[in-house]
Amino acid sequence: MKAITRLIQIIVGATFIFSGFVKLVDPIGFGYKLGEYFEADVLNLEFLIPYALVIAIFVSIFELTLGVMLLLGYKAKFTLWNMMAMILFFTLLTFYTAYWHKVTDCGCFGDAITLSPWATFWKDVLLAVLLLLLIIKQDLITPLINLKIAKLVSFASVLFGLAITYYALMHLPPMDFRPYKIGNNIREGMETPEDAPQDIYDYIWTYKVNGVDKEFVTQGDAPDTDGEYVAVRTELVQEGYEPPIHDFTIENNEGDFTDKYLDEPKVLVVVAYNLDKSEMQGFENVKKAAERALAKGYKVIALTSSAEKAPIVKEKYQLPFDFFFADETALKTIIRANPALMTLEKGTVKDKKSWHDAADLNLH
């Protein structure tokens, strides 16, 4: 039984460490996900949205540290009960969002592993069962190393989490799991394979039969009935394939320029998902990088969702490029800084930098 307990201890501890780590390398992304949960049509906790990033950082570091403490067998009672409280909360949350179709991806493993809401719920149920077993057999959990060293290692895990977070916030995530990571081609990410599964819908037909409304379910064709047609509606039964990149555009009032710039051999894209939330001092660094890119033959454009404010920012900072417009969520996904820089070579991402590191942008 001690060996089984130790195995469960390793599985649960490693899961918490992995989950905390992949969120810590991209705290802004996890903050975005918590913001979705706090919205009015989900948990209706909109007052927490401004604090989503702080909460995301705390939860991720706490999760990582608990995982380390469990592996070390340090303060087993404190560790297990805090883990159980966290898992029970997220189990209830994921059940709610899965049952009511509120959030399509929980973000529990960041962008490293994407799980459906129901898969996330059952994962949490399994972890809760394993934790319950550990709580029952916690007398078999003994410290693996000297308690003073275990305490230092646990504290070091907190410092490690803070260090990763600081780097990700001041620069960019040290690990990028998104479809716009360096080396990926945007156009290829937008393609749908010919044999890709399609959405499957049930068609629910309502007919009046002998004076009574009856429903018939088909996959498209009208039912074979002599009744009088009343109405039809559809319900999605199974989602089909969705390409990793499905909402990327480069547009302005003159039209869609997506293909044009994805065909260019050298493009510098300035990304500022929302100019009302941009760190304005960053545009001084962005301007210098843009001028350097223009001198090396790059086409330079900017992408934002802020159509009205774009001309004001361009004039104020005398920016040597035009603004185009794209979906805010897509821009948040591309890069975790505001403003930020991305270079493209025929649609392939060659480099990405926060405005802090604009001087280090690789321009060949």
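Because the structure is predicted, anything quoted here is derived from the model rather than measured.

Now for the overall build of the chain. Of regular secondary structure, the chain possesses eleven helices and ten strands. C-alpha atoms of the chain, sized along the principal axes, occupy 75 × 70 × 40 Å. Considering the chain as a whole, with its 364 residues, one finds that 45% of them fall into the buried category. Summarising the internal contacts of the chain: among those between residues at least 6 apart in sequence, 69% fall at separations of at least 24. Per element, the accessible surface of the chain, about 19,400 Å² overall, is 59% carbon and sulfur. Averaged over its 34 positive side-chain charges, the chain has a centre that lies 13 Å from the centre of its 46 negative ones.

Next up on the list: the packing of helix H3 (residues 52–72) against helix H4 (residues 76–99). Where H3 meets H4, the closest approach of the two axes is 10 Å, and the angle between their N-to-C directions is 135 degrees. Between H3 and H4, the angle falls in the class oblique. For H3 against H4, the interelement crossing comes out left-handed. In this structure, H3 uses Val 59, Phe 62, Glu 63, Leu 66, Gly 67, Met 69 and Leu 70 to contact H4, whose residues at the interface are Phe 78, Thr 79, Leu 80, Asn 82, Met 83, Met 86 and Phe 90. Classifying every residue of the contact of H3 with H4 by side-chain character gives ten nonpolar, three polar and one charged.

Our focus in this paragraph is the packing of aromatic side chains. Each pair of aromatic rings is reported with the distance of its centres and the angle of its planes. Per the stated rule, a full pass over the model turns up 19 aromatic pairs. Ring plane angle 20 degrees and centroid distance 5.8 Å describe the contact between Phe 95 and Tyr 99, whose orientation is recorded as stacked. Of the two residues, Phe 95 and Tyr 99 are both situated in helix H4; the distance of four residues between them amounts to about one turn of the helix. Overall, the relative accessible area of 38% leaves Phe 95 in the partly exposed class. Given a relative accessible area of 47%, Tyr 99 falls into the partly exposed group. With a centroid separation of 5.7 Å and 75 degrees between ring planes, the pair formed by Tyr 207 and Tyr 229 is classed as edge-to-face. In this pair, Tyr 207 sits in strand E1 (residues 200–209) while Tyr 229 sits in strand E3 (residues 228–238), placing the two residues 22 residues apart along the sequence. Assessed through its relative accessible area of 8%, Tyr 207 is described here as buried. An aromatic cluster is built from Phe 95, Tyr 99, Trp 100, Trp 118, Phe 121 and Trp 122, whose rings are joined through pairwise contacts. The aromatic ring of Phe 30 is capped on one face by Lys 23, whose charged end is 5.2 Å from the ring centroid.

With respect to the helices, strands and loops of the structure, Asp 351 is situated in strand E10 (residues 348–354). Contact partners of Asp 351, with chain neighbours within four places excluded, come to Ile 182, Leu 341, Met 342, Thr 343, Asp 360, Leu 361 and Asn 362.

Moving on: the side chain of Ser 354. Positionally, Ser 354 belongs in strand E10. Setting aside chain neighbours within four positions, we find Ser 354 in contact with Met 170, His 171, Leu 172, Ala 337, Pro 339 and Ala 340.

Another aspect to go through is the packing of helix H2 (residues 27–38) against H3. As a packed pair, H2 and H3 sit with axes 8 Å apart at the nearest point and diverge in direction by 115 degrees. Here H2 lies roughly perpendicular to H3, going by the angle between them. At the point where H2 passes H3, the crossing takes the right-handed sense. On H3, the residues touching Pro 27, Ile 28, Phe 30, Gly 31, Leu 34, Gly 35 and Phe 38 of H2 are Ala 52, Leu 53, Ile 55, Ala 56, Ile 57, Val 59 and Ser 60. When grouped by side-chain class, the residues that make up the contact of H2 with H3 number eleven nonpolar, three polar and no charged.

Turning to the sheet that holds strand E2 (residues 212–218), a few remarks are in order. The strand order across the open sheet built from three strands is E2-E1-E3, with neighbouring strands paired in antiparallel fashion. Each of the sheet's edge strands pairs with one partner strand only, and the pair in question is E2 and E3. With strand direction ignored, the average angle separating the axes of adjacent strands in the sheet is 25 degrees. Sheet topology note: the E1/E2 ladder contains seven bridges and is antiparallel. Its bridge partner being in E2, Trp 205 is matched across the sheet by Phe 216.

On to H3. The terminal C-alpha atoms of H3, which comprises 21 residues, lie 30 Å apart, in line with the 30 Å expected from a rise of 1.5 Å per residue. Within H3, 15 of the 21 residues are buried, which leaves it mostly tucked inside the rest of the structure. At the C-terminal side of H3, Gly 73 shows a positive phi close to 70 degrees.

Moving on, we come to helix H6 (residues 147–170). End to end, H6 covers 35 Å across 24 residues, agreeing with the expected 34 Å (1.5 Å per residue, within 8%). Listed in full, the buried residues belonging to H6 are Ala 150, Ser 154, Ser 157, Gly 161, Ile 164, Thr 165 and Ala 168. In this fold, the buried residues of H6 make contact with helix H1 (2–24), H2 and H3. The residue sitting at the N-terminus of H6 and contributing the capping side-chain oxygen is Asn 146; that oxygen lies 2.8 Å from the backbone nitrogen of Lys 148.

To continue, consider unusual backbone geometry. Here Asn 338 and Pro 339 are connected by a cis peptide whose omega angle stands at 10 degrees. At Asn 44, a position not held by glycine, the phi torsion is positive, near 55 degrees. The backbone of Gln 318 sits at a positive phi, close to 50 degrees, despite the residue not being glycine. With respect to the helices and strands, the residue Gln 318 is situated in the loop between helix H10 (310–317) and strand E8 (322–325).

Reading guide: rules and limits
Residues numbered from 1 in each chain as written. Predicted model: local features only at pLDDT ≥ 70, side-chain atom pairs only at ≥ 80, totals over all residues. Heavy atoms only, no water. Helix = DSSP H or I, 4+ residues; strand = E, 2+ residues; numbered from the N terminus. Buried < 20%, exposed > 50% of the residue type's maximum accessible area, 1.4 Å probe, protein only. Contact = heavy atoms within 4.5 Å. Areas by Shrake-Rupley, 256 points an atom, 1.4 Å probe, with all protein chains shown as cover. Lys, Arg positive; Asp, Glu negative; His and termini not counted. Charge placed at Lys NZ, Arg CZ, Asp CG, Glu CD. Axes fitted to C-alpha atoms, helices over the stretch in contact; angles between N-to-C directions. Parallel < 35°, antiparallel > 145°, perpendicular 65-115°, else oblique. Left-handed = near helix turned anticlockwise from the far one by under 90°. Nonpolar A, V, L, I, M, F, W, Y, C, P; charged D, E, K, R; others polar. Phe/Tyr/Trp six-rings, centres within 6.5 Å; stacked < 30°, edge-to-face > 60°. Lys NZ or Arg CZ within 6 Å of the ring centre and 35° of its normal. Pairing = 2+ DSSP bridges. Expected span 1.5 Å × (residues − 1). Polar contact = N/O pair within 3.5 Å; in protein donor to acceptor, adjacent residues only side chain to side chain.

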